[in-house]
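Chain residues, written in single-letter form:
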Amino acid sequence: LKQALNVKRFSNSIVDAISSEDMGKFPDRNVAESLQRVPGVTIQRQFGEGAAVSIRGAGQNFTLTTLNGQNVASTGWFVLEPAKRSFNYELLPSELVGSIEVHKSSQADLSAGGVGGTVVIHTRKPLDQAALSIFGSIEGQHQSDSGETDPQYSGMMSWKNEAENFGVLVSAVAQQRSLQRQGNEAFWEWGAGPVGFEQERERSALTATFQYQPNDNLDIVLNVMDMKMEAN
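As the structure is a prediction and not an experimental result, all values here were calculated from the model.

Attention now goes to the overall build of the protein. Broken down by element type, the protein carries three helices and twelve strands. Taking 232 residues into account, the globule formula puts the C-alpha radius of gyration at 17 Å, and the protein, at 19 Å, falls close to it. Across its three principal axes, the protein shows a C-alpha extent of roughly 70 × 35 × 30 Å. Restricting the contact set of the protein to residue pairs at least 6 apart, pairs at least 24 apart contribute 58%. Summed over its atoms, the accessible surface of the protein is roughly 13100 Å², and 54% of this surface lies on carbon and sulfur atoms.

If you want it as structure tokens, here you go:
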């Protein structure tokens, strides 16, 4: 809470913030589910999991998302889903994130395009961690419709030298989900009837961060990421 309040206190615009410690206290599957606790932020879900973010009632296409300063956008798994400017937050697990800032007003140092607002995501850095940090978690998720219990694994290792000017951080997350949905759907063209939907999806995320900070005025960070979700 102290870290989040300091972000708001020293900002010249309307900002809310979430730290990685806050996210770790909740069973969030991805960043969207962490953001839903910020005032003025609502999320859209797909099969019970947060997928898109809206700020102050604006549509999800009006929310700009940056990851370590880089604008990111993606499409969904459905073949008929159109291309859009919004980011599919199902790709980004909460375990990989160090902090999140939600800017509800524009600033000169932010990328243009966030009509509703801008979500700024920072991943973890090795020099912010202890000299040798290792974390890991194993979770299980049960769905009564499919009768399946699906696993999720995550791990992170961070190292920095004795001078604390160079460090390496590696993290990975793997998740499986067996989805099943049954119900009745109505289409004005074809009428109504019972519908069954099944899907097997696998999500993985792998990141590596190299940081070199010889002095307070120079900080060089290289982030390498591979985020992928496969859904039939």
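The next subject is the side chain of T66. Mapped onto the elements of the fold, T66 is located in strand β4 (residues 63-67). T66 sits in the buried class, given a relative accessible area of 5%. Those residues in contact with T66 that lie beyond four places of it in its chain are N71, S111, V119, V120 and I121.

Below, the discussion takes up the sheet that holds strand β8 (residues 132-143). The sheet built from five strands is open, its strands ordered β8-β9-β10-β11-β12 with antiparallel pairing. Here the strands that pair on one side only, and so sit at the sheet edges, are β8 and β12 (218-231). Strand-to-strand, the axes of this sheet are offset by a mean angle of 15°, without reference to chain direction. As paired elements, strand β11 (residues 191-215) and β12 share 13 bridges and run antiparallel to each other. Looking across to β12, one finds that L206 is bridged to D226.

The strand order across the open sheet built from five strands is β1-β6-β7-β4-β5, with neighbouring strands paired in mixed fashion. Of all the strands in the sheet, just β1 (15-19) and β5 (70-72) have a single pairing partner and so form its edges. On average, adjacent strands in this sheet sit at an angle of 25° to one another, irrespective of strand direction. Judged from the three bridges that link them, β4 and β5 form a sheet pairing that is antiparallel. Looking at the pairing, T65 lines up with V72 of β5. Packing of helix α1 (residues 2-9) onto the sheet brings it into contact with β1 and β6 (97-103), and relative to β1 it is tilted by some 155°.

Glancing now at the environment of G117. Along the chain, the position of G117 falls in strand β7 (residues 117-123). Judged by its relative accessible area of 3%, G117 is buried. With 62 residues separating them in the primary sequence, G117 and I55 have C-alpha atoms 5.9 Å apart. Filtering out sequence-adjacent residues up to four positions away, G117 remains in contact with I55, F62, T63, L64 and H103.

A few words now on the environment of I100. Relative to the helices and strands, I100 resides in strand β6. The buried category is assigned to I100, whose relative accessible area is 0%. Linking I100 and A32, residues 68 residues apart in sequence, is a C-alpha distance of 11 Å.

Conventions adopted
- Residues numbered from 1 in each chain as written.
- Predicted model: local features only at pLDDT ≥ 70, side-chain atom pairs only at ≥ 80, totals over all residues.
- Heavy atoms only, no water.
- Helix = DSSP H or I, 4+ residues; strand = E, 2+ residues; numbered from the N terminus.
- Rg over C-alpha atoms; globule rule 2.2 N^0.38 Å.
- Contact = heavy atoms within 4.5 Å.
- Areas by Shrake-Rupley, 256 points an atom, 1.4 Å probe, with all protein chains shown as cover.
- Buried < 20%, exposed > 50% of the residue type's maximum accessible area, 1.4 Å probe, protein only.
- Pairing = 2+ DSSP bridges.
- Axes fitted to C-alpha atoms, helices over the stretch in contact; angles between N-to-C directions.

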